[in-house]
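Each chain, written out:
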Amino acid sequence: MAVATTLDREQIASAKEESQRSVIWRRFRKHKLAVVGLGIIGTLTLLSLTAQLWTPYDPTVPGFNSGVQAFANPGYSNPSNGDIYIMGTDNIGRDVLSRLAYGGQISLSVGLLCTLLVAIIGTIVGAISGFFGGFVDTVLMRIVDLVLSLPFLPMLLALSIVLGPGYWTIVIILTAFGWPGTSRLVRGSVLSLRNLDFVEATRALGASNTRIITRHLLPNSLAPIIVDATLNVGGFIVAESSVSFLGFGISEPASSWGNILAGLEDVARQAPLQLIWPGLLIFLTVLSINFIGDALRDALDPRLKL
Amino acid sequence: MATNANNVNELDNREPADAIKPSENGANTPVQHITGVGGGVTGDSTDYIMRVQNLKKYFPVRGGVLQRVVGQVKAVDGVNFDVRRGETLGLVGESGCGKTTVGRTVLRLLNPTGGNVLFEGRDLTTLNAGEMKKTRRNMQIIFQDPYSSLDPRVPIGQSVGEGLLIHGFSREEREQTVRDMLKRVGLHPEHARRYPHEFSGGQRQRIGIARALTMHPSFIVADEPVSALDVSIQSQVLNILKDLQQEFKLTYLFIAHNLSVVEHISDRVGVMYLGKMAELADRDELFNNPRHPYTQALLSAIPIPDPRIRRDRIILKGDVPSPLNPPSGCRFHTRCWLAQQICSDQEPEWRDIGSENATAHPHLVACHFAEQTKVKGLANEIKEQLGTDTKV
C-alpha cells in the first residue's frame, strides 16, 4: 500500500508541468545531509558576511588587560570592565570569536571563488582539448603538463614577489595551480563521450560544435566536474592557510581560518581548544560542501531514482 | 517503390525555398562520365537520390614517440554504387568490411579521403558548413545501439525535436511534430518528458527513428538498426521502417550483417568485402544467382532452421586480411577457392554482367571469373529445403 501511494505521488508529480529547476530542487531535498550542509554553509556565510555588525571586538586589536587569563579560556569575563570573551582570546589577547568571523570572510570566499574559477577554466580547456583533439589537444595538454610540473612553493615565492602579498594574489596563485587537474578530468570525460552515437546523431541533425559541447558533452560530464569541485573547496581553504603561513597571503593582523591555525602552532599544547575552533569550521565547511556536491550530482542525473 | 521525385518534394511543404532540389534526372548530372561502372545503363532516366563514386576513407595509424602516421587502415577503398529514389539498398558484409564507414561517409559524418558523394545531384564533399547544415535536413541516420544513440541526460522529446530546434522551427511546430512523430512510431506523446533509461531497447530504437524522421528527410542510412534488438522486437522495428518508407517516400541505405533481414527489406543488395564492393544486384537476382565467390560463401552460411537438413556450406579458410595492408589484385584472392594468378596480379573490374531477368537492374560484380561462377541453384537448393522462401 505504501508503495502504491509513493508511485501515485510520483506519477502526479511527473504529470504536472514542472520546471527543470524545481525538479532538481525536489530531488536535491531528498538528500537530508545535503540540506543540513546547505544550512551550515548558509549560516557560516551569513555570519561571516555580517561580522562587522555583530562581533563584539576588533579582531586585530589585543583586548585590554586580557593576557594570560583569557587565553584559551572560553567564556572569560574581564573583571575590570565586564568584557566577555565567549571563545576566549588568543595568545596576544585578541577575541577568537571575532577573528573566526572575519577570517570566515577570507577563507570561505577564497575557497569558493577559487573553486569556481578552477571549474570554469578547467572545463573550458578540457572540453576544447578533448573535443577537437589533434594539434589543439597536444598544445593544451602540454601546457597542462608544464603547469603541473612547476614546483608549487618556489613559484609561489616568485609570484607573490611580483604580485605582492594579498587576497587576490592568493586567488590567482591557487587558481593558476588548480585548473590543470580539472581540465584533464574534463578532457577524459569528453573523450569518452564524443564518439558515442548520440553525438554523431546530433551532428547528423546539423548541430554546431558549440551546441554539441554545451548541450550534450558537458551535461554528461557534470558528475566528475562537481565531485572535483567539492573536493577542491576544502583543498583551497587549506592551501590558503599554508600560503598565508608562509607570509604570502593574508598576513597578520588580518585573520583567516588558515592563519589562525598557523599562528597558534607554538602554543597548541597549552590551548588545544584554540586550534580546534578554526579546524572545526574548516571541517564543517568541507563536509557540508561534499554533501551538497553529492546531492547535486545525484539530483542532476536523471538515471538515478531518488 | 514509387520513384516519383515530385511526390517527395510535395511531401515536405515546410521546406524552405533554399532547400536542395532533387535533380530531375540523375543521368544528367555533370559527373556522369566519371561513374563508368557506377551502375545503371548509360543514359538511362533512373532517378538517383545518391551516387557514390570511387569513395575512399582511410584512417591514419599513428605510432612511435612523435605520433607519426605509420600506416593507413583502408576502411573503404574505392566503392561505387547508386541509390535509386524510393528504394532500399541493403549493404551486407562481415564485421570490419567497411559498411558502417560507408554509411557515415556518405552522410559526411566522416570526411571521405577521396571520391565523390552526389546527393540530389550535388557533391557533398564540396559543400561548405552552411550548405551542409541545410542538406542534413534531408539525410538522416538510424543507429545500431539504442543505448548509446540517445543522450541519457536529455528527455526524449527534446532529443526528437532537437533537429527542428537547430533548423529554427518555432516551439509550437516542434512540440506538434514531436507529438506526431512519437505517436507515429507507437509511443505516447506524454512520454516526451521521460528520459531514455525509462524505455526498453525496442522503444529507444523507435525514438531514434522518430528523431531521424522529424525533419522529413528523403534519405536515411539505417546502420544495423535491428542487430542489437531481440528477435521478437526486430520484426516490429523492421515493419515500422517499411511503413514509414511508404508513408514518407523514404530511401534507405540499409546496413546489416543478417542476410535474412536484408532479404526481407531490400530491393537491391550490395555485398562488401574488405573495403570494396564485391557484388551488387537486385535482391532476387543476388540471392538466386550470386556470382562473386564471396557472395556465394556468404549465402551458403544462411542458417536453415531445421536440424535435419544437411547442406554443403562453403567454408572459407583463414581470416579476413588486415585492411592496413590489403591483398593485391582481388582482395578476396587469399581465401577464394577459384583464385588464379590473375587474381593476385590484377584488380577485377567493377562491371555489369547482366541479370538473368531482362527487366531487372544491372548485376554488378568485381570478379575476373564472374561469367564462370554460376552456382547450380544454390539459392534454389536453400529454398527447396526451407519449403517456402527464406524471408523472415
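Everything that follows concerns the structure shown earlier in this document.
All values reported here derive from a predicted model rather than from experimental measurement. (Residues numbered from 1 in each chain as written. Chains lettered and ligands numbered in written order. Predicted model: local features only at pLDDT ≥ 70, side-chain atom pairs only at ≥ 80, totals over all residues. Heavy atoms only, no water.)

## Some points on the overall build of chain A
Here is step 1 of the chain: Looking only at helices and strands, chain A features 13 helices and two strands.
Here is step 2 of the chain: Taken over 306 residues, chain A has a buried fraction of 45%.
Here is step 3 of the chain: Summarising the internal contacts of chain A: among those between residues at least 6 apart in sequence, 71% fall at separations of at least 24.
Here is step 4 of the chain: Carbon together with sulfur atoms contributes 69% to the accessible area of chain A, which is approximately 15100 Å² in total. (Helix = DSSP H or I, 4+ residues; strand = E, 2+ residues; numbered from the N terminus. Buried < 20%, exposed > 50% of the residue type's maximum accessible area, 1.4 Å probe, protein only. Contact = heavy atoms within 4.5 Å. Areas by Shrake-Rupley, 256 points an atom, 1.4 Å probe, with all protein chains shown as cover.)

## Focus: the overall build of chain B
Here is step 1 of the chain: The number of helices and strands found in chain B is 13 helices and twelve strands.
Here is step 2 of the chain: Within chain B, the fraction of its 392 residues that count as buried is 58%.
Here is step 3 of the chain: Across chain B, the fraction of contacts at a sequence separation of at least 24, relative to all contacts at a separation of at least 6, is 66%.
Here is step 4 of the chain: Accessible surface, chain B: about 16800 Å² in total, of which carbon and sulfur atoms supply 48%.

## What to know about the pattern of salt bridges
All names here are of chain B.
Here is step 1 of the chain: Under the defined criterion, the tally for this structure stands at 23 salt bridges over all chains.
Here is step 2 of the chain: The partner of Arg-268 in a salt bridge is Glu-87, with the nearest N and O atoms 2.9 Å apart. Residue Arg-268 is located in strand 9 (residues 268–273), and its partner Glu-87 is located in the loop between strand 2 (68–84) and strand 3 (88–92); the two are separated by 181 residues in the primary sequence.
Here is step 3 of the chain: A salt bridge links Arg-122 to Glu-131; the nearest nitrogen and oxygen atoms lie 3.4 Å apart.
Here is step 4 of the chain: For Arg-122, a relative accessible area of 32% corresponds to the partly exposed category. (Salt bridge = Lys/Arg side-chain N within 4 Å of Asp/Glu carboxyl O.)

## Comments concerning the state of the cysteines
All names here are of chain B.
Here is step 1 of the chain: Considering all chains together, one arrives at zero disulfides over all chains under this definition.
Here is step 2 of the chain: Cys-97 takes part in no disulfide bond, and the closest cysteine sulfur to it belongs to Cys-330, at a distance of 14 Å.
Here is step 3 of the chain: Cys-343 supplies the cysteine sulfur nearest to Cys-336, a cysteine that is in no disulfide, at a spacing of 6.2 Å.
Here is step 4 of the chain: Overall, the relative accessible area of 16% leaves Cys-336 in the buried class. (Disulfide = S-S within 2.5 Å.)

## Observations regarding helix 13 (residues 272–300) of chain A
Residue and element names in this part refer to chain A.
Here is step 1 of the chain: Taking 1.5 Å per residue, 29 residues should reach 42 Å; helix 13 reaches 42 Å between its end C-alpha atoms and fits that length.
Here is step 2 of the chain: Taken residue by residue, helix 13 has Gln-274, Pro-278, Leu-281, Ile-282, Thr-285, Ser-288, Ile-289, Ile-292, Gly-293, Ala-295, Asp-298 and Ala-299 as its buried positions.
Here is step 3 of the chain: In this structure, the buried side of helix 13 is in contact with helix 2 (20–29), helix 3 (32–49), helix 6 (96–132), helix 11 (209–245) and helix 12 (257–263). (Expected span 1.5 Å × (residues − 1).)

## Things to note about the sheet that holds strand 12 (residues 364–365) of chain B
Residue and element names in this part refer to chain B.
Here is step 1 of the chain: With mixed pairing, eight strands are arranged side by side in an open sheet as 6-7-8-3-9-10-12-11. Each edge of the open sheet is held by one strand with a lone partner, namely strand 6 (139–142) and strand 11 (351–352).
Here is step 2 of the chain: Packing against the sheet, helix 8 (residues 231–248) makes contact with strand 3, strand 6 and strand 8 (251–256), and its axis sits at approximately 160 degrees to strand 8. (Pairing = 2+ DSSP bridges. Axes fitted to C-alpha atoms, helices over the stretch in contact; angles between N-to-C directions.)

## Side note on helix 8 (residues 152–163) of chain A
Here is step 1 of the chain: Helix length check: helix 8 of chain A (twelve residues) gives 16 Å between terminal C-alpha atoms against 16 Å at 1.5 Å per residue, within 8%.
Here is step 2 of the chain: Looking one or two places after helix 8 of chain A, you find A:Gly164, whose phi comes out positive at around 80 degrees.

## Structural notes on the pairing of strand 10 (residues 276–282) of chain B
Residues and elements named next belong to chain B.
Here is step 1 of the chain: Among the seven residues that make up strand 10, seven are buried, leaving the element largely enclosed by the rest of the structure.
Here is step 2 of the chain: Of the pairings in the sheet, the one linking strand 9 to strand 10 comprises six bridges and is antiparallel in character. Bridge pairing in strand 10 links Val-269 to Ala-281.
Here is step 3 of the chain: Hairpin connection from strand 9 to strand 10: two residues lie between these consecutive antiparallel strands, with Leu-274 at a positive phi of about 50 degrees.
Here is step 4 of the chain: In this structure, strand 10 lies alongside strand 12, joined through two bridges in antiparallel fashion. Paired with Glu-279 across the strands is Val-365, a residue of strand 12.

## Comments concerning the environment of A:Gly258
Residue and element names in this part refer to chain A.
Here is step 1 of the chain: Following the sequence through the fold, Gly-258 ends up in helix 12.
Here is step 2 of the chain: Each C-alpha atom of the pair Gly-258 and Val-238 lies 6.4 Å from the other, and the pair is 20 residues apart in sequence.
Here is step 3 of the chain: Once you skip the residues sitting within four places of it in the chain, Gly-258 turns out to touch Ser-107, Glu-240 and Ser-241.

## So, the side chain of A:Ser48
Residue and element names in this part refer to chain A.
Here is step 1 of the chain: Mapped onto the elements, Ser-48 comes out in helix 3.
Here is step 2 of the chain: Residue Ser-48 is classed as buried on the basis of its relative accessible area, which comes to 5%.
Here is step 3 of the chain: In this structure the side chain of Ser-48 is engaged in a polar contact, spanning 2.8 Å, whose partner is the backbone oxygen of Leu-44.
Here is step 4 of the chain: In contact with Ser-48, not counting residues within four places along its chain, are Ala-101, Gly-104, Gln-105 and Leu-108. (Polar contact = N/O pair within 3.5 Å; in protein donor to acceptor, adjacent residues only side chain to side chain.)

## Quick look at the interface of chain A and chain B
Quite often, the size of an interface is put as the accessible area lost when its parts meet.
Here is step 1 of the chain: In this complex, chain A contributes 25 residues to the contact, which on the side of chain B involves 27 residues.
Here is step 2 of the chain: Between chain A and chain B, a total of about 2400 Å² is buried, with carbon and sulfur atoms accounting for 52% of that surface.
Here is step 3 of the chain: Considering only the side of chain A, the residues that lose the most area to chain B are A:Asp197, A:Leu205 and A:Pro302, jointly responsible for 28% of the buried surface there.
Here is step 4 of the chain: Inspection of the chain A/chain B interface yields three salt bridges. (Buried area = accessible area lost by both parts, 1.4 Å probe.)

## Description of the packing of helix 3 of chain A against helix 13 of chain A
Residues and elements named next belong to chain A.
Here is step 1 of the chain: Between helix 3 and helix 13, whose axes approach to 8 Å, the crossing angle comes to 135 degrees. Between helix 3 and helix 13, the interaxial angle falls into the category oblique. Handedness of the crossing formed by helix 3 with helix 13: left-handed. Side by side, helix 3 and helix 13 meet where Leu-33, Ala-34, Gly-37, Leu-38, Ile-40, Ile-41 and Leu-44 of the first sit next to Leu-281, Leu-284, Thr-285, Ser-288, Ile-289, Phe-291, Ile-292 and Ala-295 of the second.
Here is step 2 of the chain: The residue makeup of the contact of helix 3 with helix 13, split by class, is twelve nonpolar, three polar and no charged. (Parallel < 35°, antiparallel > 145°, perpendicular 65-115°, else oblique. Left-handed = near helix turned anticlockwise from the far one by under 90°. Nonpolar A, V, L, I, M, F, W, Y, C, P; charged D, E, K, R; others polar.)

## Some thoughts on the sheet that holds strand 2 of chain B
Residue and element names in this part refer to chain B.
Here is step 1 of the chain: Read from one edge of the open sheet, four strands run 2-1-4-5, paired in antiparallel fashion. Strand pairing shows two members of the sheet lacking a second neighbour, strand 2 and strand 5 (122–123), which therefore form its edges.
Here is step 2 of the chain: Where strand 4 (residues 114–119) lies against strand 5, two bridges are found, and the strand directions are antiparallel. The residue bridging Phe-119 from the neighbouring strand is Arg-122, located in strand 5.

## Some details on the environment of B:Thr135
Here is step 1 of the chain: Structurally, B:Thr135 can be placed in helix 4 (residues 129–136).
Here is step 2 of the chain: Separated by 28 residues in sequence, B:Thr135 and B:Leu107 place their C-alpha atoms 9.5 Å apart.

## What to know about the side chain of B:Glu162
Here is step 1 of the chain: Turning to its location among the elements, B:Glu162 is positioned in helix 5 (residues 156–166).
Here is step 2 of the chain: Residue B:Glu162 is classed as buried on the basis of its relative accessible area of 6%.
Here is step 3 of the chain: A polar atom in the side chain of B:Glu162 sits 2.7 Å from the side chain of A:His216.
Here is step 4 of the chain: What B:Glu162 contacts, discounting residues up to four positions off in sequence, is A:Thr202, A:Leu205, A:Arg211 and A:His216.

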